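Structural features, examined
One letter stands for each residue in the lines below.
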Amino acid sequence: MKFSAILLSGVMAAAAFAAPAVAKDWKTATITLEGAYAPWNMTNADGSLGGFEPELAKVLCERAKIDCKLVASDWDGMIPALNAGKFDVIMDALSITDERKQVIGFTIPYAATPAAFATAKDSPLANAAGTGSTIKMTPGQTGVKEIDVLKEAFKGKTIGIQAATVYAKFVYDNFGSIATIREYKTGADRDLDLQNGRIDLGFDDAVYFSNAFASANDTLAFTGPEIAGSIWGAGEGLGIRQADTDLADKFNAAIKSALADGTIKTLSMKWFKVDVSPE
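Given the structure is predicted, the values throughout are model-derived calculations rather than measurements.

**With respect to the overall build of the protein chain**
- Regarding its fold elements, the protein chain presents ten helices and 14 strands.
- Here the protein chain has a C-alpha radius of gyration of 18 Å; the compact-globule value for 279 residues is 19 Å, and the two agree.
- With the principal axes as the frame, the protein chain shows a C-alpha extent of 55 × 40 × 35 Å.
- Going through the 279 residues of the protein chain one by one, you find that 52% of them count as buried.
- Entry remark: accessible area of the protein chain is about 12,200 Å², with carbon and sulfur atoms responsible for 53%.
- For the protein chain, the separation between the mean place of its 27 positive charges and that of its 34 negative charges on side chains is 2 Å.

**Here we look at the state of the cysteines**
- Under the definition given, this model contains one disulfide.
- The residue that forms a disulfide with Cys61 is Cys68, at a sulfur-sulfur distance of 2.1 Å. Sign of the S-S torsion, about -95 degrees for the bond between Cys61 and Cys68, identifies this disulfide as left-handed.
- By relative accessible area, Cys68 is classed as partly exposed at 22%.

**Examining the packing of helix 7 (residues 187–195) against helix 8 (residues 206–215)**
- In the contact formed by helix 7 and helix 8, the axes pass within 11 Å of each other and the chain directions differ by 55 degrees. With respect to each other, helix 7 and helix 8 are oriented oblique. Here helix 7 runs over helix 8; the crossing is right-handed. In this structure, helix 7 contributes Gly187, Ala188, Arg190 and Asp191 to the contact, and helix 8 contributes Tyr208, Phe209 and Ala212.
- Within the contact of helix 7 with helix 8, the residues separate by chemical class into four nonpolar, one polar and two charged.

What counts as what
Residues numbered from 1 in each chain as written. Predicted model: local features only at pLDDT ≥ 70, side-chain atom pairs only at ≥ 80, totals over all residues. Heavy atoms only, no water. Helix = DSSP H or I, 4+ residues; strand = E, 2+ residues; numbered from the N terminus. Rg over C-alpha atoms; globule rule 2.2 N^0.38 Å. Buried < 20%, exposed > 50% of the residue type's maximum accessible area, 1.4 Å probe, protein only. Areas by Shrake-Rupley, 256 points an atom, 1.4 Å probe, with all protein chains shown as cover. Lys, Arg positive; Asp, Glu negative; His and termini not counted. Charge placed at Lys NZ, Arg CZ, Asp CG, Glu CD. Disulfide = S-S within 2.5 Å. Axes fitted to C-alpha atoms, helices over the stretch in contact; angles between N-to-C directions. Parallel < 35°, antiparallel > 145°, perpendicular 65-115°, else oblique. Left-handed = near helix turned anticlockwise from the far one by under 90°. Contact = heavy atoms within 4.5 Å. Nonpolar A, V, L, I, M, F, W, Y, C, P; charged D, E, K, R; others polar.

Here's what the structure looks like:
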């Protein structure tokens, strides 16, 4: 998922002033999620956190023998807050990227998903070239013919993205010169504007959008190819302070176990209808 230069500089500053971690036996840990990125994670009517990641967190914490507390927090402040010691783990469809590795540590990935554009079904931008197909890209890759075709189709349009995500960087890098980019605090805010015609396109995680389409009364749809590959990093993993390697080791063992016995596949089929297990 879900890094701008401004956010990165703030994160690095927070990291510089964070107290050094002391080795712990990690009987307890606090995990933060957005609680607003369904079906990865969501806030239920009773205030509890539900979705793929809260259910997976329960499994991982049991296998790591850690008593975990789940708390919701704003996406754009998670990494500075992690380094400031406000919680111990980020679990929010957090893409493992080299840029983020400069300021936090990661576990191995527990998921890997593509991203895609969405638009109104009755929009002239619907069914853009490549719709229904998937392309793979690498970080910084240019000259991709499918992207060049989309640039022509989306010229002069307004594209909505959630701020401080890997998807935001991709859209700025590839479409910033030909389209207006509008940032949103949450994906849901962006989707509402897309549904009501205030923007022309959205770009986000494909499994997130699949769920959002249902919430938008089936008025939105994918357009253009899904984009997969190492451009999004190694996949989605748990974000952990760089010094807390012992905690990362515990969760790495738990993730490996949940991948090996099919638990992650089972949960992803339940919540996403596709297997998002990393290759």
